[in-house]
Amino acid sequence: MRDWHLDENLIYKDAAVNQAIFIRDTVCQNLLRVPAFVVSTHTSKSCRLPVYYFKMLNGIKIICRGNFYDWKISVETPVKLREGLLPLDLITGGTKQKISDCYLEGFKEEWGYGPYNIANPAKKFTIEVSDKYALYVIMHTLKNALPNIEYDETKDTRSVNDIVNVIKTIYDKHGNNDIRETDRFGKDHIIEEPMMSGWELLWKTYNSLDDYKARERHGHKYEDVEHIDRRVEDFAKYILEFPDVHKIFLMEEELYKEM
C-alpha cells in the first residue's frame, strides 16, 4: 500500500483503500496471521485494484479480488476438503460450472479453476461471493478446515549462510532494499529508509527474539537483539541457535515461497 497511489478525485478511492485494509488487516493479519501479497491488478470504477494472494498456516492458498460488485476467490488445498464444508448460501457463483475467465479480471488464466462441488470438492476451485462479509466467513471456514502445518527444525540442516541468503532474498523482493526519502518525522527532518523494514517482513521471527518474554527465555538483553533484522548474519545465527525461533522462521519462510 506504500507503493499504491490513487487519484484523490476518484469517487471510489476510499472504498478501494478500505478494501485493501480489509484484506491486509481484518482477514490476513487478525484472522489468519499471515502476510498478504499483491500478485496482479485490475480496474473497476476507474480504480486500479489489487489481486491478492496469501497462504494460510494450514497450507491452503488463496487468490482473490474484489471489484465493488463481488469477490472472486480461487482456492488451492493440500488435501481434499470434507463434503459440505463451505456454506452454499454464501456462494453466488462457481458451484455448477467454471466461472468464465472474462469475469476473473486481473487473474492469470491458470488462476481460474473449476467449480466447487460440495459433495466431492476438488483440491482447486474458484467461487464467487457477493461481499466482504461472505468472503470473511469463507476464510474463517477454510482456516479451521485443516490443522496448521507443523515444522520440524531438526530436519533443516542449512548453514548460517544459507539462512542469510533466504533472508536477503525476501528483503530484496519485498522492498527492504528500496530506499526512499520520507518526512514522517516532519518536513524539516527528511530521512532515508527502506519501503519495508526487515522486522515488518519477518515479523514473527523477529518478534520471537525481540519480545520481552522471548529475551528472558533466551537469556538476551535488549542490546543483543536491537535492530537484529538489520544485522542479517546475526539474525540467521540466532534463528539456528534457538529451536523455537527456527520453527517460526520455517513457517514464515513458507508463507513467502510462492512469491
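Before reading on, note that the structure itself is shown above.
Predicted model, so just to flag it, every value in this text is computed and none were measured. Per-chain numbering applies: the sequence of each chain, read as written, is numbered from 1 onward. In keeping with the model being predicted, local features are shown solely for residues with a pLDDT of at least 70 and side-chain atom pairs are shown and tallied solely at 80 or more, while totals for entire chains, interfaces and linings include all residues. Excluding hydrogens and water, the side-chain values take into account all heavy atoms of the structure.

A.B. asks: Break down the overall build of the chain for me, citing the residues and quoting the values.
C.D. replies: Helix and strand counts for the chain stand at nine helices and eight strands. A principal-axis box enclosing the C-alpha atoms of the chain has dimensions of 60 × 50 × 30 Å. Buried residues are those whose accessible area, probed at 1.4 Å on protein chains only, stays under 20% of the maximum for their type, while exposed residues exceed 50% and partly exposed ones sit between those limits. When the 259 residues of the chain are sorted by exposure, 45% land in the buried category. Within the chain, contacts between residues separated by at least 24 positions form 61% of all contacts whose residues are at least 6 apart in sequence. Of the accessible surface of the chain, which amounts to about 14200 Å², a share of 47% is contributed by carbon and sulfur atoms. Residues counted as positive are Lys and Arg, residues counted as negative are Asp and Glu, and His and the chain ends are not counted. One atom stands in for each charge, and that atom is NZ of Lys, CZ of Arg, CG of Asp or CD of Glu. A distance of 5 Å separates the average location of the 36 positive side-chain charges in the chain from that of its 43 negative side-chain charges. In this text, helices come from DSSP runs of H or I with a minimum length of four residues, and strands from runs of E with a minimum of two, each type numbered from the N-terminal end. Whether two residues touch is decided by their heavy atoms; if any such pair falls within 4.5 Å, the residues are in contact. In this description, accessible areas are obtained by the Shrake-Rupley approach with a 1.4 Å probe, and a residue is regarded as covered only by the protein chains that are shown.

A.B. asks: Any chance you could break down the packing of helix α1 (residues 13–32) against helix α2 (residues 132–143) for me, citing the residues and the numbers?
C.D. replies: Helix-helix packing is described using two parameters, namely the angle between the two axes and the distance between the axes. Viewed as axis vectors pointing N to C, α1 and α2 meet at an angle of 25°, and their least axial separation amounts to 11 Å. When the interaxial angle is binned, α1 and α2 end up roughly parallel. At the point where α1 passes α2, the crossing takes the right-handed sense. Facing α1, whose interface residues are Phe22, Ile23, Thr26, Val27, Leu31 and Leu32, α2 presents Lys132, Leu135, Tyr136, Met139, His140 and Lys143. Here the axes come from fitting lines to C-alpha atoms, over the contacting stretch only for helices, and the angles between their N-to-C directions go from 0 to 180 degrees. When describing relative orientation, an angle under 35 degrees is termed roughly parallel and one over 145 degrees roughly antiparallel, while 65 to 115 degrees is termed roughly perpendicular and anything else oblique. Definitions for this section: a left-handed crossing has its near helix turned counterclockwise from the far helix by less than a right angle. A right-handed crossing has that turn clockwise.

A.B. asks: Please set out α1 residue by residue, giving values where relevant.
C.D. replies: The term bend refers to the angle at a residue between two fitted axes, each drawn through seven residues, those ending there and those starting there. At Phe22, α1 shows its maximal bend, which comes to roughly 30°. What α1 keeps buried is the set Lys13, Ala16, Gln19, Ala20, Phe22, Ile23, Asp25, Val27, Cys28, Leu31 and Leu32. Looking at the buried side of α1, the elements it contacts are β2 (47–55), β3 (61–66), β4 (71–76) and α2. Positive phi appears at Arg33, one or two residues downstream of α1, with a value of about 60°.

A.B. asks: So what's going on with the environment of Arg180? Residues and values would help.
C.D. replies: The topology assignment puts Arg180 in strand β7 (residues 179–182). The exposure class assigned to Arg180 is partly exposed, which follows from its relative accessible area of 28%. Taking the C-alpha atoms as reference, Arg180 lies 36 Å from Gly219; in sequence the two are 39 residues apart. Filtering out sequence-adjacent residues up to four positions away, Arg180 remains in contact with Arg2, Asp3, Ile191, Glu192, Glu193 and Met195. A polar atom in the side chain of Arg180 sits 3.0 Å from the side chain of Asp3. Any pair of N or O atoms that falls within 3.5 Å is considered a polar contact. Within protein, one atom must be able to donate a hydrogen and the other to accept it, and sequence-neighbouring residues count only if both atoms are side-chain atoms.

A.B. asks: Lay out the pairing of strand β6 (residues 124–129) in plain terms, naming residues and giving numbers.
C.D. replies: Look at any regular strand and the pattern is simple: side chains alternate between the two faces of the sheet. By the criterion of burial, β6 is predominantly enclosed, with five of the six residues buried. Of the pairings in the sheet, the one linking β4 to β6 comprises six bridges and is antiparallel in character. Residue pairing for β6: Glu76 is matched across the bridge by Lys124. Pairing between strands is defined by DSSP: at least two bridges between them are needed. Of the pairings in the sheet, the one linking strand β5 (residues 91–93) to β6 comprises two bridges and is antiparallel in character. Bridge pairing links Gly93 to Glu128 in β6.

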